[in-house]
Amino acid sequence: MRNQNRFGTGAGALALAAFLACPTSGASAQSMSDVQRIAKERGLSTGDLLAAAKTFTPSGMKDEYIIFSSGGHSGQVFVIGVPSMRMLRSIAVFTPEPWQGWGYGVGNEILKEGDVNGKANLWGDTHHPALSETEGDYDGQWLFINDKINARVGVIDLRDFETKQIVKNPLTVSDHGGTFVTPNTEYVIEGGQYAVPWGADYAPISEYKEKYKGSVTLWKFDRKKGRIDKAQSFAIELPPYWQDLTDAGKGVSDGYMFLNSINTEMATGGIENKNPPFEAGVSMNATDYLHIINWRKAEKVYKSGKVTQIKGFPVITLQTAIDEGLLYLTPEPRSPHGVDVAPNGEFIVVSGKLDPHTTIYSFPKILGAIKNKTFSGKDEFGVPVLDFDTVVEAQVEVGLGPLHTQFGPDGYAYTSLFLDSAVARWTMGGAYGKGTPEPDWTLVHKTPVQYNVGHIGVAEGDTVSPDGKYLIAFNKWSVDRFFPPGPLLPQNFQLIDISGQGADMPVIYDMPIGVGEPHYAQIIKADKLNPWTVYPEIGWDPQTQSLDPWAPKPKMERVERKDDGTVEVYMTAIRSHFSPEHINVKEGDKIVWRITNIERAIDATHGFAVPQYNINLSLEPGETAKFEFIADRAGVFPFYCSEFCSALHLEMVGYLMVEPKE
Ligand code: RUQ
Ligand code: CUA
């Protein structure tokens, strides 16, 4: 098996421990004393040495797990290895990124799909990456990521780890409740957040209840095309409650999805007018609402045509959703944040930031309450509210500021505690309610983290079959953990070893993240990923994932002037030259430039940079790219390869000569 961790089940750590405990048996006295001397000099405890043994990854050894982390306001995705916590790459999504050549000649059309009302928005606030799933398990094929600031969704192909599509939500402006996938990636779920009139059109805030809308959008994913199919997608109107996070049902709850909300008060703020500020106004009620949606029923309603076109997009109106019995609410403790479905889909765990408990809802009980109409009433809009006591299975007091929950393979659940700065381990009713006669819902242990933990990620911890083993606390503050690089401090990813039982869950690594504030991340077994290391054939177009018939090939390099005056360049790149090297054009010419990296060697990437024209490409082995520009600046422009590809990399150069008009 590839990517195997030599330490396997922690044998390395055990060997080290034995080695420390018993200096004369086995290892040479010389190396033992070296370890002890260095540990002493650096002030390292035995626990530190164990942590090092669990995480240190010698050159050439590969990581067992891979994290796909949101890049926060960098607008990107970060790829990190576990347990080494080494950053492997960023994936450019919503923000131009020159190393990948994203938005500097290539990717421009995809970035343009993210235009909002015709205007470029060249950054993103990425929150929740979602790996594609088959039967509720990561399949390693696709990755989706939301942009909260502009309600957009990016689609990344995990064959080459590159963004293939950006869709802009036409109805809402912010989408904190994305992205989450249904168990077979039928749909990518994008929940809205801050209510706005449809399409963020204008309406006075005094008309909030009438004109401002909540919504959730179901984007149909076409696996064959590797794209979201907008023509098969639809949305459901919701009350303007600021729907927050989302999760898709699975197992017994497959076909449903769950969204929580934080402003059932429908507060509209206005501190300057002596109104309660938002932070108080939205936290007045003792409970908010968990939204329970039967998406399979919604899909049928959409397909039967019972939709209203709003902003050119099919919407199941709130009234239709109520009439069709596909939307229900139930109270959830104040300021809910995370909503997380347990591996077998039987339980839904919700945490209220201002309530020290996690609340566990039973899906069978929810179904029963819907069937028996056990309602405690209706909300202002007529949505039936399921009786809280009827649908709740248990509440576990875990600590202050509970946010997000993930699951282990052994019946443990883990919840992040923002205010406590800790991660709680608790028992999920005894192996998710199965196998034990007495249900057991108990707090087992809390591991302190530094500081202010937001999401947590357990290896495959939100799938039908969590791996456990590693948990990462995605901490919002780092305070005193690292050298302060000025007043803007990095975030801190803290790796926790959860392979032990009970109170055995130590922090074993701190990784600073100084390139944006990540929110959520998913952790997948590395051997589920099967990325290309070179593109399949010479002349491959990554945007279509197919051979480009126009791709320049060796011996066919040329410059052609077309009848309409367009100049077409057919260029190849190989260590260490471009061919052709002289490109002579006239000021004002339109240039269509194609270039193929004809290398087949792994890692033989060439860059292609043109000064003053804002062009920089990254051409991976086999890749072909096309870019266009108007040569509106006369002069001499030495273009060059911007990747240090060979000993004669500096010589990998050519001249673009733009002859002045007169
Ligand atoms: S959330 S603030 Cu996922 Cu805790 Cu975005
Ligand atoms: Cu090719 Cu440097």
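Keep in mind that what you see is a predicted model, and the values were worked out from it rather than measured. (Residues numbered from 1 in each chain as written. Chains lettered and ligands numbered in written order. Predicted model: local features only at pLDDT ≥ 70, side-chain atom pairs only at ≥ 80, totals over all residues. Heavy atoms only, no water.)

1. Section: the overall build of the protein chain
Inclusion rule: Working definition: helices are DSSP H or I runs of at least four residues, strands are E runs of at least two. Numbering for both runs from the N terminus. We take the radius of gyration over the C-alpha atoms and set the globule estimate at 2.2 Å times the residue count to the 0.38 power. Each residue is placed in one exposure class: buried if its accessible area under a 1.4 Å probe, protein chains only, is under 20% of its type's maximum, exposed if it is over 50%, and partly exposed if it falls in between. Contacts: residue pairs with any heavy atoms within 4.5 Å of one another. Here the open area of atoms and residues is found with the Shrake-Rupley method and a 1.4 Å probe, where only the protein chains shown may cover a residue.
Per the secondary structure count, the protein chain includes ten helices and 44 strands. What you see for the protein chain is a C-alpha radius of gyration of 27 Å, in line with the 26 Å of a compact globule of 662 residues. With the C-alpha coordinates of the protein chain rotated into their principal frame, the extents come out at 80 × 80 × 50 Å. Going through the 662 residues of the protein chain one by one, you find that 59% of them count as buried. In the protein chain, the share of contacts with a sequence separation of at least 24, taken over all contacts with a separation of at least 6, comes to 61%. Here the protein chain displays about 26900 Å² of accessible surface, and carbon together with sulfur accounts for 55% of that area.

2. Some thoughts on empty space enclosed by the protein
In plain terms, the rule: Every definition here rests on a 1 Å grid over the protein atoms only: cavities are sets of points where a 1.4 Å probe fits but cannot get out, pockets are open sets enclosed by protein on both sides within 12 Å along at least five of seven lines, and lining residues have some atom within 4 Å of a point. Grid points are joined across faces, edges and corners, and a volume is the space filled by probe spheres set on the points. In the scheme used here, Gly and all other residues not listed as nonpolar or charged are polar, with Ala, Val, Leu, Ile, Met, Phe, Trp, Tyr, Cys and Pro taken as nonpolar and Asp, Glu, Lys and Arg as charged.
In total, this model carries four cavities of 30 Å³ or more according to the counting rule given. Looking at the largest cavity, its volume works out to about 120 Å³. Around the largest cavity, the lining comprises 15 residues; the ones closest to its centre are Phe180, Val339, Asp340, His455 and Tyr520. Those elements that place two or more of their residues in the lining of the largest cavity are β12 (243–248), β18 (336–341), β24 (402–407) and β28 (453–459). Of the residues contributing to the lining of the largest cavity, the split by class is five nonpolar, seven polar and three charged. Of the pockets and cavities examined, the second largest cavity occupies roughly 100 Å³. Forming the boundary of the second largest cavity are 13 residues, of which Glu133, Val181, Asp247, Ala248 and Asp462 lie nearest the centre.

3. Considerations on the sheet that holds strand β11 (residues 227–238)
Heads up, the rule is: Only strands joined by at least two bridges in the DSSP assignment are considered to pair. Every axis corresponds to a line fitted to the C-alpha atoms, with the helix fit spanning only the stretch in contact, and the corresponding angles, defined between N-to-C directions, vary from 0 to 180 degrees.
Within the open sheet, the six strands sit side by side as β8-β9-β10-β11-β16-β15. Their pairing is mixed. For this open sheet the edge positions go to β8 (177–181) and β15 (308–310), each flanked by a neighbour on one side alone. Ignoring which end each strand starts from, the neighbouring axes of this sheet average 30 degrees apart. In the sheet, β15 pairs with strand β16 (residues 313–316) via three bridges, with the strands oriented antiparallel. Across the sheet, Ile310 pairs through a bridge with Phe313, a residue of β16.

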